[in-house]
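# Structure assessment
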Amino acid sequence: MTDATADLSHAPLTTADGRPLKAALAESLAVRRRRAFLLVAPLFLFILISFIVPIGQMLFKSVYNDGFSANVPALSAWFDAHPPGSAIDETAYAALQADLVGMKRNKTAGVAGTRINYDVAGTRSLFTAGARGADKMKPPYKEAFLKLDKKWADPNVWRAMRSAASPFTMDFYLAANDLKRDEAGAIVAVPEGQAVYKKLMLRTLTLSLEITAICLLIGFPIAHLLATLPMRKAMLLMIFVLLPFWTSLLVRTTAWMVLLQQQGVLNDLLVWLGVIDDKGRIQMIYNEMGTIIAMTHILLPFTILPLYSVMKTIPPSYVRAARSLGATSWTAFRRVYLPQTLPGVGAGGLLVFILAMGYYITPALVGGADGQMISNLIAFHMQKSLNWSLAAALAAQLLIVVLIFFWIYDRIVGIDKMKLG
């Protein structure tokens, strides 16, 4: 080997324009990464704006409410200087008087009172009335407040004010689980007649599981029929499956109201057939039955389509081979066909369950008092009571339940095997 050949063997590889090959490859890879990022950037931005940010705001709102704390600087300072259990002395009332004067000036007494009203009912008017006369009060302030309203001496009110003096609180999660703090600050259950949230959450979970199970029981044979019929007949049947998607949700729900009421079509048909008499008409609406029937009809296509997409890919020869080896129809179905449909069963069931957990229009129209779900109370607190923090706490718990079932699905079936259509 000559010296020139040795020099060439150790020389770095270069491109046609003389650049080192390694540097050129690195630059090409960087360009490809930038292009890939630019391609997915719109989708990432959409998910960030429409999904991640709203959920983050909801979770933050469930533990943060400064409606009271932002308007009581003097009282917050008193609470910081006096630990829980301290006697409510004249200095506390003086601080309250100074803050009420500021609330009157800033017109925020209603906001502060509403925050305390979430914990102790009837206190909003207490603050608005106190703010109106606060600038006319003379020491001793304790006597002046008690003369204005005896509720100012209620330990529960002061306990609620101490808790609300910090904008960050877990009280809304306590309320979402039918719990509260007593006068000493200990966590206790609310009275039996006021406990609604745990019962409603359990009902929501139960109804969602029942609706999911019914949809799977009805949807499985329909999807199997779609997958095995000749294409022309299968497409005709698919039109009937997809027909609900082409009809307004409100129209479908209203149609069920007409069908299910005691003087409705189904009861009239049962009376005409002699199954029941006119006085024994069945109450099928404004209860759990109405919610289950209407929501099953609305959510059924979300079960059929994932099942169909999986069943269509299963070769019929697998079952025929099992039958030719001596397996019965049931054994061939159970050991050969059913295991291959599990991704569709899991995807359809999970999709229906998640949608059912968040439904509130249909239960509101056909559910009555017995068919309401937790989403109806979330909507109430968002639109009527304006207790957004409690609504956020309830929604966060609903999200946790959904994530738990999503994790169970991933452990049993595997999220990588999900097929939605």
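## Regarding the overall build of the chain
Counting its secondary structure elements, the chain contains 19 helices and 2 strands. Against the 2.2 N^0.38 benchmark of 22 Å for 421 residues, the chain shows a C-alpha radius of gyration of 32 Å, more extended than a compact globule. In terms of principal-axis extent, the alpha carbons of the chain reach across some 105 × 95 × 35 Å. In the chain, which comprises 421 residues, the share counted as buried stands at 36%. When contacts within the chain are restricted to residue pairs at least 6 apart in sequence, those whose partners lie at least 24 apart make up 69%. Of the accessible surface of the chain, which amounts to about 24200 Å², a share of 67% is contributed by carbon and sulfur atoms. Charged side chains of the chain number 40 positive and 27 negative; the gap between the two group centres comes to 8 Å.

## As for helix 14 (residues 288–311)
When the terminal C-alpha atoms of helix 14 are compared, their 32 Å separation across 24 residues agrees well with the 34 Å that a helix rising 1.5 Å per residue should span. Where helix 14 bends most, the angle comes to about 40 degrees, and this point is Leu299, followed within four residues by the proline Pro301. With 18 of 24 residues buried, helix 14 is to be regarded as a mostly interior element. A distance of 3.2 Å separates the backbone nitrogen of Met289 from a side-chain oxygen at the start of helix 14, and that oxygen is part of Asn287.

## Some remarks on the environment of Ala129
Looking at where Ala129 falls in the secondary structure, it is placed in helix 6 (residues 124–133). Taking the relative accessible area as the measure of exposure, Ala129 reaches 27% and is therefore partly exposed. On a C-alpha basis, the gap between Ala129 and Leu148 in space is 8.5 Å, while along the polypeptide they are 19 residues apart.

## Looking at the environment of Ala24
Within the element layout of this structure, Ala24 appears in helix 2 (residues 21–61). Between the C-alpha atoms of Ala24 and Arg34, which are 10 residues apart in sequence, the distance is 15 Å.

## Some words on a nonpolar patch on the surface
Taken together, the side chains of Leu236, Ile239, Phe240, Leu243, Phe245 and Trp246 make up a nonpolar region of the molecular surface, amounting to roughly 640 Å² of accessible area. Among the secondary structure elements, Phe245 is positioned in the loop between helix 11 (231–242) and helix 12 (249–260).

## Some words on the nonpolar core
Counting residues in hydrophobic clusters, the biggest one holds 29 residues, and the most contacted among them are Phe68, Leu75, Leu100 and Met161. Of all the secondary-structure elements, those providing two or more residues to this core are helix 3 (73–81), helix 4 (90–106), helix 5 (109–117), helix 6, helix 7 (141–148) and helix 8 (155–164). If one sorts the elements of this core by residue count, helix 4 sits on top with 6 residues. In terms of nonpolar packing, the next biggest core, distinct from the first, is built from 24 residues, Leu207, Leu226, Ala227 and Met238 among them.

## Description of the pattern of salt bridges
Under the defined criterion, the tally for this structure stands at 6 salt bridges. The salt bridge partner of Asp119 is Arg115, with a shortest N-O separation of 3.5 Å. Arg115 gets classed as buried once you look at its relative accessible area, which sits at 1%. Through salt bridges with shared partners, a single ionic network connects Asp268, Asp278 and Arg281.

## Re the environment of Phe353
Along the chain, Phe353 falls in helix 16 (residues 329–358). Sequence spacing of Phe353 and Lys22 is 331 residues, and the spatial spacing of their C-alpha atoms is 52 Å. With near-sequence residues (within four places) excluded, Phe353 lies in contact with Leu205, Ser208, Leu209, Thr212 and Phe405.

## Some words on the packing of aromatic side chains
Tallying each qualifying case throughout the model produces 15 aromatic pairs. Between Phe60 and Tyr64, the aromatic rings sit 4.9 Å apart at their centres with planes inclined by 20 degrees, giving stacked as the arrangement. When the centroid spacing of 6.3 Å and the interplanar angle of 70 degrees are considered together, the rings of Phe79 and Trp158 count as edge-to-face. Of this pair, Phe79 sits in helix 3 while Trp158 sits in helix 8, placing them 79 residues apart in sequence. Here Phe79 and Trp158 have matching classes, each one buried. By way of ring pairs, the aromatic residues Phe68, Trp78, Phe79, Tyr93, Phe127, Phe145, Trp152 and Trp158 are connected into one cluster.

## Observations concerning the packing of helix 15 (residues 317–324) against helix 16
For the pair helix 15 and helix 16, the least separation of the axes is 9 Å and the interaxial angle reads 145 degrees. By crossing handedness, the relation of helix 15 to helix 16 is classed as right-handed. Note on element contacts: helix 16 touches helix 15 through Ser329, Ala332, Val336, Tyr337 and Gln340, opposite Tyr318, Val319, Ala322 and Arg323. Of the residues belonging to the contact of helix 15 with helix 16, the class tally is 6 nonpolar, 2 polar and 1 charged.

## A closer look at the packing of helix 11 against helix 14
The contact between helix 11 and helix 14 brings their axes to 10 Å, and the two run at 145 degrees. Contact residues: helix 11 offers Met235, Met238, Val241 and Leu242, while helix 14 offers Pro301, Ile304, Leu305 and Tyr308.

## A few points about the side chain of Thr303
When you line up the elements, Thr303 lands in helix 14. Overall, Thr303 belongs to the buried group, its relative accessible area being 1%. With sequence-adjacent residues up to four places away left out, Thr303 is seen in contact with Cys215, Leu216, Gly348 and Val352.

## Thoughts on unusual backbone geometry
Between Pro139 and Pro140 the backbone carries a cis peptide bond, its omega angle lying at -5 degrees. Note on placement: Pro140 falls in the loop between helix 6 and helix 7. Even without a glycine there, the phi angle at Lys107 is positive, about 60 degrees. Tracing the backbone through its elements, the reader meets Lys107 in the loop between helix 4 and helix 5. Under the relative-accessibility criterion, Lys107 is labelled exposed at 75%.

How each quantity is defined
- Residues numbered from 1 in each chain as written.
- Predicted model: local features only at pLDDT ≥ 70, side-chain atom pairs only at ≥ 80, totals over all residues.
- Heavy atoms only, no water.
- Helix = DSSP H or I, 4+ residues; strand = E, 2+ residues; numbered from the N terminus.
- Rg over C-alpha atoms; globule rule 2.2 N^0.38 Å.
- Buried < 20%, exposed > 50% of the residue type's maximum accessible area, 1.4 Å probe, protein only.
- Contact = heavy atoms within 4.5 Å.
- Areas by Shrake-Rupley, 256 points an atom, 1.4 Å probe, with all protein chains shown as cover.
- Lys, Arg positive; Asp, Glu negative; His and termini not counted.
- Charge placed at Lys NZ, Arg CZ, Asp CG, Glu CD.
- Expected span 1.5 Å × (residues − 1).
- Bend = angle between axes of the 7 residues up to and from the residue.
- Polar contact = N/O pair within 3.5 Å; in protein donor to acceptor, adjacent residues only side chain to side chain.
- Patch = residues over 30% accessible without salt bridge, like charges linked within 9 Å, V, L, I, M, F, W, Y side chains within 5 Å.
- Salt bridge = Lys/Arg side-chain N within 4 Å of Asp/Glu carboxyl O.
- Core = buried A, V, L, I, M, F, W, Y, C linked by side-chain atoms within 4.5 Å.
- Phe/Tyr/Trp six-rings, centres within 6.5 Å; stacked < 30°, edge-to-face > 60°.
- Axes fitted to C-alpha atoms, helices over the stretch in contact; angles between N-to-C directions.
- Left-handed = near helix turned anticlockwise from the far one by under 90°.
- Nonpolar A, V, L, I, M, F, W, Y, C, P; charged D, E, K, R; others polar.

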